[in-house]
Amino acid sequence: MATDEAVELSPEGWVRDQTEKILETGTTDSVGIEGMKVVLVTMRGAKSGKLRYVPLMRVENDGHYALVASKGGAPEHPVWYFNLRANPTVTLQDGTGTGEYTVREVDGAEREQWWERSVAAYPPYAEYQTKTDRQIPVFVLDPA
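What you see is a predicted model, and the numbers here were worked out from it, not measured in a lab. All residue numbers refer to position in the chain's written sequence, counted from 1. The predicted nature of this model means local features are confined to residues of pLDDT at least 70 and side-chain atom pairs, given and counted, to a pLDDT of 80 or more, with totals for whole chains, interfaces and linings taken over all residues. Note that water and hydrogens are dropped before the side-chain values are worked out from all heavy atoms of the structure.

Trainee: When you look at the overall build of the chain in this model, what are you seeing that I'm missing?
Mentor: The numbering of helices and of strands both runs from the N terminus, where a helix is a DSSP run of H or I of at least 4 residues and a strand a run of E of at least 2. Within the chain one finds four helices and eight strands. Along the chain, from the amino end to the carboxyl end, the secondary structure elements read β-α-β-β-β-β-α-β-β-α-α-β. Restricting the calculation to C-alpha atoms gives the radius of gyration, and the globule rule supplies 2.2 Å times the number of residues raised to the power 0.38. Its C-alpha atoms give the chain a radius of gyration of 14 Å, near enough to 15 Å, the size a compact globule of 144 residues would have. Along the three orthogonal principal directions, the C-alpha set of the chain runs to about 40 × 30 × 30 Å. Buried positions account for 44% of the 144 residues belonging to the chain. Considering only residue pairs separated by 6 or more positions, the chain has 63% of its internal contacts joining residues 24 or more positions apart. Here the term buried applies to any residue with accessible area under 20% of the maximum for its type, exposed to any over 50%, and partly exposed to those in between, with areas from a 1.4 Å probe on protein chains only. Contacts are residue-level and defined by heavy atoms, with any inter-residue pair within 4.5 Å sufficient.

Trainee: Sorry, what's going on with helix H3 (residues 108-121) here?
Mentor: Residues spaced three or four apart along an α-helix face the same direction, because each turn holds 3.6 residues. The span you would expect from a helix comes to 1.5 Å times its residue count less one. Relative to the 20 Å expected for 14 residues at 1.5 Å per residue, H3 spans 20 Å between its end C-alpha atoms, a close match to the ideal helical length. Burial in H3 covers these residues: Arg111, Trp114, Trp115 and Ser118. Each buried residue of H3 sits inside an arc of 110° when the element is viewed along its axis, so together they form one side. Exposed residues lying more than 90 degrees from the buried face of H3 are Ala109, Glu116 and Ala120. Buried residues along H3 sit in contact with strand S4 (60-61), strand S5 (64-68), helix H4 (124-130) and strand S8 (138-143). Summarising the geometry, the arc corresponds to the directions from the helix axis toward the C-beta atoms.

Trainee: Help me out: how do you make sense of the pairing of strand S3 (residues 51-57) in this one?
Mentor: Every regular strand shows the same layout, with side chains that alternate between the two sheet faces. The element S3 is extensively covered by neighbouring structure, given that six of its seven residues are classed as buried. Two strands pair if DSSP finds at least two bridges between them. As judged from the two bridges shared by strand S1 (residues 7-8) and S3, these two strands associate in the parallel manner. Of the residues in S3, the one forming a bridge with Glu8 is Arg52. Pairing between strand S2 (residues 38-44) and S3: seven bridges, direction antiparallel. From the neighbouring strand, Val38 faces S3, where its bridge partner is Met57. The hairpin formed by S2 and S3 contains six residues between the paired strands, and Gly49 there has a positive phi angle of roughly 80°.

Trainee: For this particular structure, what's the right way to read the packing of aromatic side chains?
Mentor: The relative placement of two aromatic rings is captured by the distance of their centres and the angle of their planes. Aromatic rings from Phe, Tyr and Trp, with only the six-membered ring used for Trp, were paired whenever their centres fell within 6.5 Å, and each pair was classed as stacked if the ring planes differed by under 30 degrees, edge-to-face if by over 60, and tilted otherwise. One pass over the full model with this rule turns up eight aromatic pairs. Where Tyr65 meets Tyr101, the ring centres are 5.7 Å apart and the plane angle is 85°; that geometry is what we call edge-to-face. Here Tyr65 is found in strand S5, whereas its partner Tyr101 is found in strand S7 (residues 97-105), with 36 residues between them in sequence. Relative accessible area serves as the criterion here: at 8%, Tyr65 is assigned to the buried category. Between Trp80 and Phe139, the ring centres sit 6.3 Å apart and the planes meet at 50°, which makes this aromatic pair tilted.

Trainee: I'm lost on the sheet that holds S4 in this one. Help?
Mentor: Sheets are built from strands paired through backbone hydrogen bonds, the pairs being either parallel or antiparallel. Read across the open sheet, the eight strands follow the order S1-S3-S2-S6-S7-S8-S5-S4; overall the sheet is mixed. With one partner strand each, in any of the chains shown, S1 and S4 form the two edges of the open sheet. Pairing between strand S6 (residues 89-94) and S7: six bridges, direction antiparallel. Bridging from a neighbouring strand, Val90 pairs with Tyr101 of S7. Lines fitted to C-alpha atoms define the axes here, with helix axes fitted over just the stretch in contact, and angles between the N-to-C directions of these axes take values from 0 to 180 degrees. In this fold helix H1 (residues 13-25) packs onto S2, S3 and S6, with an angle of close to 95° to the strand it touches most, S3.

Limitation: the analysis is restricted to geometry and does not speak to function.
Written as structure tokens, this is what we have:
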């Protein structure tokens, strides 16, 4: 997804603040959520077609990453869920390293395995699932 296009920051205050800090310092190690690491994902908007930055919890295993569409247990998916469904190629920054990835939503046993890893990386995910009737989607990022 290497491009000269401008990337839009989130209108959500804390998301924008985290993104600006990552861009300023050049590393995702400069921010976190509740003391846990994040990654910065660059994705294309489903409706606008514009590139967007989204900092998300770091869930990694053997060079593959998971993105959990929890939205804190809200009844609806986060907007970025629809971006990934429409445009499954992203750039992910972890620390100072970046890579291109192909995104796929997982289900069944693979989802359960990644869900366990996700809860281990960020325990509040388990509570978020109890707050909503929807099954929280999990995406896996495979190196492109």
